[in-house]
Amino acid sequence: MEQKVQPIDGQRTVYKKLSLEPNEAIDNQKKIRLRPVALGNVPWGTSAPADLYLHRGKELSLLFRQNQDLSFESYAEISRGTDRLYYDKDNEVDWQSLVESNLITILESPMPTRGKAAVAYGSASRQTQKIFEDFNEEAHEAANTTVEAINKLMKEPEAIESFFELTIHDYYTYTHSVHVYLYSTMLTRAIIGDENDAFLQDLGVGYLLHDIGKKDISAEILNKEGELNDEEWKIIKDHPETGYELLKETAGNLSDEVTQIVLQHHEKYDGSGYPKGLKEDEIGRYGKICCIADVFDALTTNRSYKEAMSKAASLTIMRDSPGHFDEAMLAQFIKLATPHL
Ligand SMILES: [Fe+2]
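Predicted, not measured: the structure shown is a model, and the values here were computed from it.

1. A look at the coordination of the iron ion
In step 1: Listed as protein donors to the iron ion are Asp 211 (OD), His 239 (NE2), His 265 (NE2) and His 266 (NE2); their distances from the metal cover 2.1 to 2.2 Å.
In step 2: Donor residues binding the iron ion come from one chain and are separated in sequence as D-x27-H-x25-H-H. Pair noted here: Asp 211 is in the loop between helix 9 (197-208) and helix 10 (219-222) and His 266 is in the loop between helix 13 (256-264) and helix 14 (285-300), with a separation of 55 residues, a long-range link. Comparing Asp 211 with His 266, the two get one shared label, buried.

2. Topic: the domain arrangement of the protein chain
In step 1: Looking at the protein chain, the domain boundaries give domain 1 (8-95) and domain 2 (112-340).
In step 2: Contacts between the two partners involve 4 residues from domain 1, matched on the other side by 5 residues from domain 2.
In step 3: Between domain 1 and domain 2, a total of about 390 Å² is buried, with carbon and sulfur atoms accounting for 61% of that surface.
In step 4: Three residues, Gly 40, Asn 41 and Tyr 75, lead the burial of domain 1 against domain 2; their summed loss comes to 79% of the area buried on that side.
In step 5: There are 0 salt bridges connecting domain 1 and domain 2.
In step 6: Where domain 1 touches domain 2, the interface holds 1 residue pair in polar contact (both at pLDDT 80 or more).
In step 7: Each residue belonging to the side of domain 1 that touches domain 2 can be placed in one class, and the counts come to 2 nonpolar, 2 polar and no charged.

3. Section: the pattern of salt bridges
In step 1: As enumerated under the stated definition, the model contains 17 salt bridges in all.
In step 2: A salt bridge links Lys 152 to Glu 108; its shortest N-O distance comes to 3.1 Å. Of this pair, Lys 152 sits in helix 6 (residues 137-153) while Glu 108 sits in the loop between helix 4 (103-107) and helix 5 (113-133), placing them 44 residues apart in sequence. The exposure classification of Lys 152 matches that of Glu 108, with both residues exposed.
In step 3: The salt bridge involving Lys 214 is made with Asp 211; its shortest N-O contact spans 3.4 Å.
In step 4: When its relative accessible area of 12% is taken as the criterion, Lys 214 is described as buried.
In step 5: You can call Asp 211 buried: its relative accessible area is 0%.

4. Considerations on the nonpolar core
Soluble globular proteins tend to bury their nonpolar side chains together.
In step 1: Within the largest apolar cluster, 81 residues are counted, with the highest numbers of intra-cluster contacts made by Trp 44, Leu 52, Phe 64, Leu 85, Phe 163 and Leu 182.
In step 2: Take this core: its biggest share by element is 8 residues, from helix 14.
In step 3: Both domains that meet at this core, namely domain 1 (8-95) and domain 2 (112-340), each give it at least three residues.
In step 4: Excluding residues that lie within four positions of it along the chain, Phe 163 makes contacts with Ala 117, Ile 150, Leu 153, Met 154, Leu 182 and Met 186.
In step 5: Listed in part, the 6 residues of the second largest apolar core include Leu 34, Tyr 53, Leu 60 and Tyr 86.

How each quantity is defined
Residues numbered from 1 in each chain as written. Predicted model: local features only at pLDDT ≥ 70, side-chain atom pairs only at ≥ 80, totals over all residues. Heavy atoms only, no water. Donors = N, O, S within 2.8 Å, 3.2 Å for Na, K, Ca; no water. Helix = DSSP H or I, 4+ residues; strand = E, 2+ residues; numbered from the N terminus. Buried < 20%, exposed > 50% of the residue type's maximum accessible area, 1.4 Å probe, protein only. Domains from an automatic or database assignment. Contact = heavy atoms within 4.5 Å. Buried area = accessible area lost by both parts, 1.4 Å probe. Salt bridge = Lys/Arg side-chain N within 4 Å of Asp/Glu carboxyl O. Polar contact = N/O pair within 3.5 Å; in protein donor to acceptor, adjacent residues only side chain to side chain. Nonpolar A, V, L, I, M, F, W, Y, C, P; charged D, E, K, R; others polar. Core = buried A, V, L, I, M, F, W, Y, C linked by side-chain atoms within 4.5 Å.

Take a look at the structure:
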């Protein structure tokens, strides 16, 4: 029988009656200030690091006392009604490290795939942000661990659908990197199958780090609203080569496939891309895949200078851009994405 998540001891607080701000409550005569924590940042399968509250309308209910078990069944039920819980701001909880140190337990748990995908996505975004801040051997290792965890999760039936739901965002280089890795890996698996874990792992790290050459480009240039001047455009055009050099320095020899991904992800099928203006079969398979994923994510996320387009409209635009992409590969991407839009 399904277990119901009940507030503890009927403890509910109604803000209105207490004339408190929406982010304040009274618990045991003590006024507390509430902070939200996304469900994906709660370390499910372990014990609650602080009292956790559910906030519905103007009502607040205490769901978990500190140290109480955060069961996966509870997650399944709670996630149907909300995407966050609340805790007392005075409890200084480092949610991110808690999830990071329990990641494998969470991803191997019986928690629904959607929940695991949310946890994995949050973790990958944070890790990738750190990787871009300080790229060294340790960061490269973190990229490997992130890809290993998500590639494993990708084998679960609902994973693709869950990731398509999660990739709605403003644009940051690190979330873009995670999205491009996710889309590219989905397309790669559709093209070559999902049996060769080691190969998919190598490719995954390449996809995740395809834009590492942008790590030192200023936000002014990356987010510039008007047209780039010659000097700025040169800086942008150099990022594939810079990324390739950076990766070689930290990871040693790169496979041909990772080299293709990093150096060729802005090459276009008709030769109109950069940095080399390669065309057709001069561009490797994995460079072509990464290009499709890269453009799809650029179209579907908000930038400072443009609104995000819907995923369906973005695919239509891509299909109507003859010459930019390998047509057969784009058709495969549209086929895999369409049921999840
Ligand atoms: Fe790029």
